[in-house]
Amino acid sequence: MNDHDLIKRTADFVREKFLHEGSGHDWEHIRRVWQVARALARDTPHANPLVTELGALLHDVADWKFHNGDEEAGPRASRAWLESQQAEEPVMQAVEVIIREISFKGLGVATPMSSVEGELVQDADRLDAIGAIGVARAFAYGGHKGRPLHDPAIPPMVHESFESYKQNTAPTINHFYEKLLHLRERLHTPAAREVAEKRHAFMEQFLTQFLLEWESKDVKAGPQEKP
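Residues numbered from 1 in each chain as written. Predicted model: local features only at pLDDT ≥ 70, side-chain atom pairs only at ≥ 80, totals over all residues. Heavy atoms only, no water.

Notes on the pattern of salt bridges
Tallying each qualifying case throughout the model produces 14 salt bridges. Across the pair Arg31 and Glu28 runs a salt bridge whose closest N-O atoms are separated by 2.6 Å. Placement of both Arg31 and Glu28 in helix H2 (residues 27–42) is noted, with a separation of three residues, approximately one turn of the helix. Relative accessible area serves as the criterion here: at 24%, Arg31 is assigned to the partly exposed category. Between Lys166 and Glu163 there is a salt bridge, with the nearest N and O atoms lying 3.1 Å from each other. Of this pair, Lys166 and Glu163 are both found in helix H8 (residues 162–166), three residues apart, which corresponds to roughly one turn of the helix. Judged by its relative accessible area of 44%, Glu163 is partly exposed. Each of the salt bridges in this network shares a partner with another, and the network as a whole consists of Glu72, Arg79, Glu83, Glu89, Glu96 and Arg100. (Salt bridge = Lys/Arg side-chain N within 4 Å of Asp/Glu carboxyl O. Helix = DSSP H or I, 4+ residues; strand = E, 2+ residues; numbered from the N terminus. Buried < 20%, exposed > 50% of the residue type's maximum accessible area, 1.4 Å probe, protein only.)

Structural data, given as structure tokens:
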């Protein structure tokens, strides 16, 4: 099977699997990550396009968040699919490593990628976690998990281990301070960092307005009624 056919079959497989997923980790998220990673790869001559595209398409194929925290669910599922398509062993190994390394694991945990293809996929994934789409996805996931929008009594945390991060059940607004506002500084490529500037600024504006409305501070008191 040639590279084009393998990518197309993988896209069809992932689309069917995630088309109606409702937590923000749906086919449209994967499609955007695929598109952005592919665009970044075009500006990175030494990146392997096949590994980049397959890594993007399969990066959420079995996310630990939906598999009881199993960090190896994704690599296993990607290998099972690629083996069924008779992909070459080096390609399967490279995609497995991307999936194993890509996740954010807590603000206090470094998440370096060991390949340039992994950096491109991670950048694309993180760009989709910020900006207007990122805001929407955060609340979709929070609703999916039954989390409150906000609770001022629960402060954001700096998770120093992946286990601590996986066990987090804080309100959705905390997720911005525990992860999303820190993604801009953890991107690898100049092109991704440029896009991130506007998306980061949008999130900051959103949070300012959200907290203003949370306390109804944007509502001006009307004239006092005369007794």
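Points about the packing of helix H1 (residues 3–18) against helix H3 (residues 49–58)
Between H1 and H3, the least distance of the axes is 10 Å, while the angle of their chain directions is 5°. With respect to H3, the axis of H1 lies roughly parallel. Contact residues: H1 offers Asp3, Leu6, Ile7, Thr10, Ala11, Phe13 and Val14, while H3 offers Leu50, Glu53, Leu54, Leu57 and Leu58. Counted by class, the contact of H1 with H3 contains nine nonpolar, one polar and two charged residues. (Axes fitted to C-alpha atoms, helices over the stretch in contact; angles between N-to-C directions. Parallel < 35°, antiparallel > 145°, perpendicular 65-115°, else oblique. Contact = heavy atoms within 4.5 Å. Nonpolar A, V, L, I, M, F, W, Y, C, P; charged D, E, K, R; others polar.)

A word on the nonpolar core
Nonpolar side chains tend to gather and get buried jointly when the protein is soluble and globular. Trp27, Trp34, Leu54, Leu57, Leu58, Leu82 and Val95 are the most contacted members of the largest nonpolar core, which totals 31 residues. Secondary structure elements with two or more residues in this core: H1, H2, H3, helix H4 (73–84), helix H5 (89–101) and helix H6 (116–127). Looking at which element gives the most residues to this core, the answer is H3, with six residues. Apart from the residues within four sequence positions on either side, Val95 is in contact with Val51, Leu54, Gly55, Leu58, Ser78 and Leu82. (Core = buried A, V, L, I, M, F, W, Y, C linked by side-chain atoms within 4.5 Å.)

Observations regarding the packing of aromatic side chains
What characterises a pair of aromatic rings is the spacing of the ring centres plus the angle enclosed by the ring planes. For the structure on display, the rule yields nine aromatic pairs. Between Trp27 and Trp34 the ring centres are 6.3 Å apart and the planes differ by 55°, which places this aromatic pair in the tilted class. The same class applies to Trp27 as to Trp34, namely buried. Between the NZ or CZ atom of Lys105 and the centre of the ring of Phe162, over which it lies, the distance is 5.4 Å. (Phe/Tyr/Trp six-rings, centres within 6.5 Å; stacked < 30°, edge-to-face > 60°. Lys NZ or Arg CZ within 6 Å of the ring centre and 35° of its normal.)

Comments concerning H5
Taking 1.5 Å of rise per residue, the 13 residues of H5 would be expected to cover 18 Å, and the 18 Å separating its terminal C-alpha atoms lies within 8% of that figure. Turning to H5, its buried residues number three or more, namely Val91, Met92, Val95, Glu96, Ile98 and Ile99. All buried residues of H5 project into a common sector of 160° when viewed along the axis, lining one side. Where H5 is buried, its residues meet H3, H4 and H6. (Expected span 1.5 Å × (residues − 1). Arc of directions from axis to C-beta.)

Take it as geometry only, folks, not as evidence of what the structure does.
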